[in-house]
Amino acid sequence: MNHPKMCVGPYRRSNRNFRYEQQVLNDYSRIHVLRMRCLHLRLLAKDGHSTSEIQEALRLYHPKDQIAVNRYNREQMPIPKDFPLYFPEDEGNIQVRALRSPRRKGFFVKNEQLPMYNYPLVEYIYRYYRYELNILTADRKSIGQLRATQFNLLDVPVANFQSFGGCESTVHKLRCTVDQSFRNAEPRNDFVWFRVDEPPKGDVEDLRPAQLVRILRLQDSQRKRCIVLLRQLQLENDGVCQPSNGLLKVSDKAFRRNQADLIVVNIKCIWAAAHLIRIHGTKYYYVNNTIDLVMFNRFWPKPPEADRGEMEAEDDDEPGMADYRRNWNMQEEDEEGEDFGKVGDSEEDEDMQTEEEQEEEEE
């Protein structure tokens, strides 16, 4: 995502002929300086030093107030100064998950069969209602009468790395075409990371990898429920990155015939897209954690707990104290070895003395 901002855009704004490299660098530097200036003005406005010029330049208006401001601008009328300041980051990420590209509308859940899996769709949704939503009155017959709509696309906003308040995000487009060809090619069913309510595990913590099977929206008597059907993957090495290459390794999970091989989760549990690279001729995948800065910061080899404690202790010491203590311990070990040698020599001398005393007594 940084390539179009840093290279493509400045290159298109250059003359593309003489010394365009310097023009690209100057253009990006100018944009960076202006952006830092906007951040400084925003900080001043948050601290209470705002003026109408700052609010108008940075467009710190509520979306409803922005409509009125646009009307004043069209009519060439002065903008009132009594509009309150509005900061989008105070409300978190304004982008939400959205279902796109509907494929099938209004079909009954009981009519959807999953031939490649252990149970029909009704069974998986029944377990979701019963054990996840704790709706004890739900039964398979009533769930089979629900109407559902299937989608091919799910938009998931992911906060950019070190974004201020998480207001800047990138939308991950997750596709699940099931058995339909995608752009005259093979069907596309993307891999995703989803959150689980389990204790942290390895370097993935509360995230688990899976593959999309269905993207659905259910219409029950209470509300519309947006859910996804996932095929879980198995974490290798307890979710710890391999020390040789720093990559996570996952594999296809094997299930028995009487086990639930799919799970149903809400679309809010989907965290981001997962970029998996299959190892040729095997059932294993490598997780590409260098696809962007967010993944690289989240999935990387962390030191063990013992080493982490030592590192924290060394950080608390004064500069140079860790090396001094290490050398001091080495010197103590050497001195103890020398003392042990002296003790051994003294014991041999005592044995010699006792033997001489016994000979003198016998004489």
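Above: the structure in question.
Residues numbered from 1 in each chain as written. Predicted model: local features only at pLDDT ≥ 70, side-chain atom pairs only at ≥ 80, totals over all residues. Heavy atoms only, no water.

A.B. asks: So what about the nonpolar core? Which residues, and what values?
C.D. replies: Of all hydrophobic cores here, the largest spans 37 residues; its most connected members are L154, W193, V228, L230 and I270. Elements with a minimum of two residues in this core: β2 (147-159), β4 (191-195), β5 (207-219), β6 (224-235), β7 (248-252), β9 (270-274), β11 (284-287) and α7 (293-298). (Core = buried A, V, L, I, M, F, W, Y, C linked by side-chain atoms within 4.5 Å. Buried < 20%, exposed > 50% of the residue type's maximum accessible area, 1.4 Å probe, protein only. Helix = DSSP H or I, 4+ residues; strand = E, 2+ residues; numbered from the N terminus.)

A.B. asks: A description of the layout of surface pockets should follow, citing residues and the corresponding values.
C.D. replies: Space inside the second largest pocket adds up to approximately 590 Å³. Of all the secondary-structure elements, those providing two or more residues to the lining of the second largest pocket are α5 (121-132), β4, β5, β6 and β8 (263-266). Broken down by element, the residue count for the lining of the second largest pocket peaks at five residues, all from α5. (1 Å grid on protein atoms, 1.4 Å probe; cavity = no way out; pocket = protein on both sides within 12 Å on 5 of 7 lines; lining within 4 Å. Points joined across faces, edges and corners; volume = space filled by probe spheres on them.)

A.B. asks: Account for the packing of aromatic side chains, with residues named and values stated.
C.D. replies: Describing an aromatic ring pair means giving the distance of the ring centres and the angle of the ring planes. Inspection of the entire model under this criterion finds seven aromatic pairs. Ring pairs connect the aromatic residues W193, W271 and F299, which therefore count as one cluster. One cation-aromatic arrangement involves R188 over F182; the distance from NZ or CZ to the ring centre is 5.1 Å. One Lys or Arg, R298, reaches over the ring of W271 and ends 5.5 Å from the middle of that ring. (Phe/Tyr/Trp six-rings, centres within 6.5 Å; stacked < 30°, edge-to-face > 60°. Lys NZ or Arg CZ within 6 Å of the ring centre and 35° of its normal.)

A.B. asks: Can you tell me about empty space enclosed by the protein, naming the residues and giving the values?
C.D. replies: For the structure shown, the criterion picks out one cavity of 30 Å³ or more. The calculated volume of the largest cavity comes to roughly 30 Å³. Here the residues of the lining of the largest cavity are counted per class, giving seven nonpolar, two polar and no charged. (Nonpolar A, V, L, I, M, F, W, Y, C, P; charged D, E, K, R; others polar.)

A.B. asks: Provide a residue-level description of the environment of Q211, including the pertinent values.
C.D. replies: Of note, Q211 is situated in strand β5. For Q211, a relative accessible area of 16% gives the class buried. Separated by 22 residues in the primary sequence, Q211 and N189 place their C-alpha atoms 6.7 Å from one another. Among the polar contacts made by the side chain of Q211, one reaches the main-chain carbonyl oxygen of N189 at a distance of 3.1 Å. A distance of 2.4 Å separates polar atoms of two side chains, one belonging to Q211 and the other to R231. (Polar contact = N/O pair within 3.5 Å; in protein donor to acceptor, adjacent residues only side chain to side chain.)

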